[in-house]
Amino acid sequence: MTGLPLWLDWARMRPREASLRAIRAGDAEALARLHAQSFRIGWDAAEFERLIANRLTRGLVATDGPDGAVVGFILLSGVAPEMEILSVAVEARRRGAGLGHRLVEAAFGALAAEGYRTVFLEVEDGNAAALRLYARTGFREIGRRPGYYRDAAGAPVAALTMRRDIA
């Protein structure tokens, strides 16, 4: 307790409204930390640096307020008119509040303005949170790759291939 009235202490601890901006090279460390917290096999900062430097990569980050820490991101790659979502991650305390949805929809708006028409992705079958997000943002399943992933126990899990037209 800080000695402040309870309501003021609560307001100070409450996350600020997330701001969205384009991914930058300096984000690689923060993206790697967030990815490692979100996936069994996290990508390291060097991988994010390579992806961000690639001219075919697009991405947005969500920050805790305009100048705050990275709390989410979407990373995509492709050649017009098609793009693929490589990864979407949101900090655990921010999940369930629509931030992933905001990132996906904002990315679609930017991609449509650049002439992209279709977005694809692969997601692990059974990843309920991701599947809800992709269903809410208009993706539909177009295929399966049996045994593409391994679960925590090493058992094979299918990858679902999904598609959404954005233009």
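Higher on the page you've got the structure.
Rules and cut-offs
- One numbering rule holds for all chains: residues counted from 1, following each sequence as written.
- This being a predicted model, a pLDDT of at least 70 is required before a residue's local features are given, and a value of 80 or more before pairs of side-chain atoms are given or counted; all residues contribute to the totals for chains, interfaces and linings.
- The side-chain values count all of the structure's non-hydrogen atoms but skip hydrogen atoms and water molecules.
- Should DSSP find at least two bridges between two strands, the strands are regarded as paired.
- Secondary structure elements are taken from DSSP: a helix is a run of H or I of four residues or more, a strand is a run of E of two residues or more, and numbering for both begins at the N terminus.
- As used here, the term nonpolar core means buried Ala, Val, Leu, Ile, Met, Phe, Trp, Tyr and Cys residues forming a set that is joined through side-chain atoms within 4.5 Å.
- Burial here depends on accessible area, computed with a 1.4 Å probe over protein chains only, as a share of the maximum for the residue type. Under 20% is buried, over 50% is exposed, and the range in between is partly exposed.
- Any two residues having at least one pair of non-hydrogen atoms within 4.5 Å are treated as being in contact.
- Geometry is summarised by axes, namely lines fitted to C-alpha atoms with helices restricted to the contacting stretch, and by angles between N-to-C directions that run from 0 to 180 degrees.
- For classification, angles of less than 35 degrees are called roughly parallel, those exceeding 145 degrees roughly antiparallel, those between 65 and 115 degrees roughly perpendicular, and all remaining angles oblique.
- Should the near helix be turned anticlockwise from the far one by less than a right angle, the crossing is termed left-handed; should it be turned clockwise, right-handed.
- Residues were grouped as follows: Ala, Val, Leu, Ile, Met, Phe, Trp, Tyr, Cys and Pro as nonpolar; Asp, Glu, Lys and Arg as charged; and all remaining residues, including Gly, as polar.
- We call Phe, Tyr and Trp rings a pair once their centres come within 6.5 Å, taking the six-membered ring for Trp, and we label the pair stacked below 30 degrees between planes, edge-to-face above 60, and tilted otherwise.

Caption draft 1: Quick peek at the pairing of strand 6 (residues 140-150). Summarising the sheet, strand 6 and strand 7 (residues 156-165) pair through 7 bridges and their orientation is antiparallel. Within the sheet, the bridge partner assigned to R144 lies in strand 7 and is L160. Hairpin connection from strand 6 to strand 7: 5 residues lie between these consecutive antiparallel strands, with G154 at a positive phi of about 90 degrees.

Caption draft 2: Layout of the nonpolar core. The biggest cluster of nonpolar side chains holds 27 residues, and the ones touching the most others in it are I74, L76, I85, L111, V119, Y134 and F139. Residue assignment for this core shows that the elements contributing at least two residues are strand 2 (57-64), strand 3 (70-79), strand 4 (82-90), helix 4 (99-113), strand 5 (118-124), helix 5 (128-136) and strand 7. Take this core: its biggest share by element is 6 residues, from helix 4. Among all residues touching L76, those that are not within four sequence positions of it are L56, T57, R58, M83, E84, I85, L86, A107, L111 and V119.

Caption draft 3: Examining the packing of helix 2 (residues 28-38) against helix 3 (residues 45-53) more closely. At a closest axis distance of 8 Å, the pairing of helix 2 and helix 3 adopts a crossing angle of 120 degrees. Viewed along their axes, helix 2 and helix 3 adopt a mutual orientation that is oblique. In this structure, helix 2 meets helix 3 at a crossing whose hand is right-handed. Residue-level contacts link A28, E29, L31, A32 and H35 of helix 2 to A45, F48, E49 and I52 of helix 3. For the contact of helix 2 with helix 3, a count of residues per class yields 6 nonpolar, 1 polar and 2 charged.

Caption draft 4: Inspection of the pairing of strand 4 at higher detail. Where strand 3 meets strand 4, 8 bridges bridge the pair, whose relative direction is antiparallel. Residue pairing in the sheet places V79 in a bridge with E82 of strand 4. Counting the residues that bridge the hairpin from strand 3 to strand 4 gives 2 residues. Here strand 4 pairs with strand 5 via 3 bridges, running parallel.

Caption draft 5: The packing of aromatic side chains, seen in detail. On inspection of all chains with the given rule, the structure shows 5 aromatic pairs. Pairing F48 with F73 gives two aromatic rings, centres 5.6 Å apart and planes at 85 degrees, and the pair type is edge-to-face. Here F48, found in helix 3, pairs with F73, found in strand 3; they are 25 residues apart in sequence, far enough to count as distant. Assigned by exposure class, F48 and F73 land together as buried. Seen from their ring centres, Y148 and Y149 are 5.0 Å apart, and the 90 degrees between their planes marks the pair as edge-to-face.

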